[in-house]
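Given next are the chains, with one letter for each unit.
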Amino acid sequence: MKRCRQCTLPETYPGITFDTQGVCQFCRTYGEGESIRQRRATLRERFAQLLATERRPNGYDCLVAYSGGKDSSYLLALLAREYGARPLALTLDNGFLSPQALVNMDRVTQSLGVDHLIIKVPVEIMRQIYARSQRQPLFAAKTLQRGSAICMACIGLVKFLALRCAIERQIPFVAFGWSPGQVPLSGTLIKSQPAMIRAMQRATFEPLYAVVGEAVRPYFLEERHFRAADRFPYLVGPLAFSPYREDRIMASIESLGWKRPTDTDANSSNCLLNSLANRVHKRQFHFHPYEFEIAGLVREGILSREEGLARLTAGEDAQLIHRLEERLRPSTD
Amino acid sequence: MVSEVKHLVRRFICENFIVREEDFTDDDSMLEKQIIDSTGVLELVAFLQEQFGIPIADEDITPDNLDSVERICAFVQRKSNAIPSTAMAMASRRTL
């Protein structure tokens, strides 16, 4: 398969074009160098200033969407230790987290002295989402370029659940573990606006509501939340504007007791379901759902091209996939 | 100016969100039609800032400003008027 000679994007990636040197349009237009470094430094400074201004002496400063994976574990440590924030970790347990991920979450939050909320999703919800994702695309084409339908469903649920929780508890920031390049730099520190959040929520809620029905409502904002416009938090992705090196991230979180799970696939450090979600996605769309993210990490110099390719071509654990398929089989069979 | 902005915006949407010209009108809500998603909004904002050199504040990120091609063009126009000659200069510097 032909791939970009600089990053790893394949010829099957929607809309990709290569120049005569075999370089994709994303690499051709990638901005790097001093201006990016300067913008990251400015964002770090602005975030620190906002955090100081918005600090809640009697509550939480920041709600962290905490998956238990390496990036969000590091994010929690970064906020608590380097920014001196008082975070609240929020986990959406989809029922398919690696047992090691659950251990890791406990170790990291205990080591940092961070409070931790876990919302466990009934497996029937995941079963219905999985069943539909096999039959037809659950989300817009662009959304499914960033990740598998199952992954994007969980991300959608946790995103709006985090917003809901932050508004209810008057927490001024919601932090996500976006890696550099995953989201445009200008979008890594913004104050959420009710009208836009309402429109964004509709795009996530409606496809899930069509599949799952009323059971998804508690994960999303209600009218009473939209009426509390002054409580809408900043959305922030500190990893995207902080120095990001895998070896430093691992050293930091391992010092908190975090251990890499051995039962997840090459692209996840918390969720077992990822491997099955990836397989469904590849079968339907003919590209790996991590293509975009890994190409971004290669472009940023965080992964070498060879490391990126290794993650994209790593084998699947057939036994694990079989077990997952069994667990997700419709209960009416 | 308006037609040039519209051309650049439509081209960005087609190329970045993988839709065809005939898939959306200038009045269509791109969020309702699921052409753009939440991350797509951030990509659109980054594009407008870069392409037209306009500052976009957090409070500007609303459907009223960004949810259709018509609204985006009007928004770019308003922002450009606040910074004379910027948008024209930026737009004309780039190849169509």
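Here is what the cut-offs are and how they apply
- Residues numbered from 1 in each chain as written.
- Chains lettered and ligands numbered in written order.
- Predicted model: local features only at pLDDT ≥ 70, side-chain atom pairs only at ≥ 80, totals over all residues.
- Helix = DSSP H or I, 4+ residues; strand = E, 2+ residues; numbered from the N terminus.
- Buried ≥ 20, exposed ≤ 12 C-beta atoms within 10 Å, placed from the backbone.
- Contact = placed C-beta atoms within 7 Å.
- Axes fitted to C-alpha atoms, helices over the stretch in contact; angles between N-to-C directions.
- Parallel < 35°, antiparallel > 145°, perpendicular 65-115°, else oblique.
- Left-handed = near helix turned anticlockwise from the far one by under 90°.
- Domains from an automatic or database assignment.
- Nonpolar A, V, L, I, M, F, W, Y, C, P; charged D, E, K, R; others polar.
- Core = buried A, V, L, I, M, F, W, Y, C linked by C-beta atoms within 7 Å.
- pLDDT = per-residue confidence, 0-100.
- Pairing = 2+ DSSP bridges.

Caption draft 1: Representation of the overall build of chain B in the model. Across its full length, chain B holds 5 helices and 0 strands. Taken from N to C terminus, the helices and strands of chain B fall in the order α-α-α-α-α. Burial analysis of chain B (96 residues in total) assigns 35% to the buried set. Contacts spanning at least 24 positions in sequence make up 61% of the contacts within chain B whose residues lie at least 6 apart.

Caption draft 2: Broad picture of the overall build of chain A. Tallying secondary structure elements over chain A gives 14 helices and 6 strands in all. With respect to the principal axes defined by its C-alpha atoms, chain A has extents near 55 × 55 × 40 Å. Split into buried and exposed, the 333 residues of chain A put 48% on the buried side. Long-range pairs, those at least 24 residues apart, make up 75% of the contacts in chain A with a sequence separation of at least 6.

Caption draft 3: Molecular detail of the packing of helix H12 (residues 291-299) of chain A against helix H13 (residues 305-313) of chain A. All names here are of chain A. The N-to-C vectors of H12 and H13 enclose an angle of 165°; their axes lie 9 Å apart at closest approach. By the angle class used here, H12 and H13 are roughly antiparallel. Seen along the crossing, H12 lies across H13 with a hand that is right-handed. Every residue of H13 that contacts H12 at Glu-291, Ile-294, Leu-297 and Val-298 is listed here: Arg-305, Gly-308, Arg-311 and Leu-312.

Caption draft 4: Spatial organisation of the domain arrangement of chain A. Residue and element names in this part refer to chain A. By domain assignment, chain A separates into domain 1 (1-30) and domain 2 (42-328). Taken together, the 10 residues of domain 1 in the interface contact 13 residues of domain 2. Tallied by class, the residues present in the side of domain 1 that touches domain 2 amount to 8 nonpolar, 2 polar and no charged.

Caption draft 5: Local environment of unusual backbone geometry. At Gln170(A), a position not held by glycine, the phi torsion is positive, near 55°. In this structure, Gln170(A) sits in the loop between helix H7 (149-169) and strand E4 (173-175).

Caption draft 6: Molecular detail of the nonpolar core. Residue and element names in this part refer to chain A. Counting residues in hydrophobic clusters, the biggest one holds 114 residues, and the most contacted among them are Leu-63, Val-64, Leu-76 and Leu-79. At 15 residues, the largest contribution of residues to this core is made by H7. Excluding anything up to four places from it in sequence, Leu-63 contacts Leu-88, Leu-90, Ala-162, Cys-165, Ala-166, Ile-171 and Val-174. Residues Cys-7, Ala-295, Val-298 and Leu-312 belong to the second largest nonpolar core, which totals 14 residues.

Caption draft 7: Broad picture of the confidence of the model for chain B. Residue and element names in this part refer to chain B. Of all residues in chain B, 85% attain a pLDDT of 70 or more, and the chain-wide mean is 86. Here residues 92-96 is modelled with pLDDT under 50, and outside its nearest four sequence neighbours on either side it reaches 2 contacts, counting other chains as well. As a predicted assembly, this complex carries a pTM of 0.90 together with an ipTM value of 0.83.

Caption draft 8: Structural view of the interface of chain B and chain A. At the junction of the two partners, chain B supplies 24 residues and chain A supplies 20 residues. No other element matches helix H2 (residues 38-52) of chain B, which puts 9 residues into the side of chain B that touches chain A. Taken together, the residues of the side of chain B that touches chain A sort by class into 11 nonpolar, 6 polar and 7 charged.

Caption draft 9: Looking closely at the sheet that holds strand E1 (residues 62-65) of chain A. Residues and elements named next belong to chain A. Strands sit in the order E3-E2-E1-E4-E6-E5 across an open sheet of 6 strands; the sheet is mixed. Only two strands of the sheet have a single partner each, and these edge strands are strand E3 (115-120) and strand E5 (189-191). Ignoring strand direction, the axes of neighbouring strands in this sheet form an average angle of 20°. Most of the contacts of helix H3 (residues 70-82) go to E1, to which it runs at about 165°, and overall it touches E1, strand E2 (87-93) and E4.

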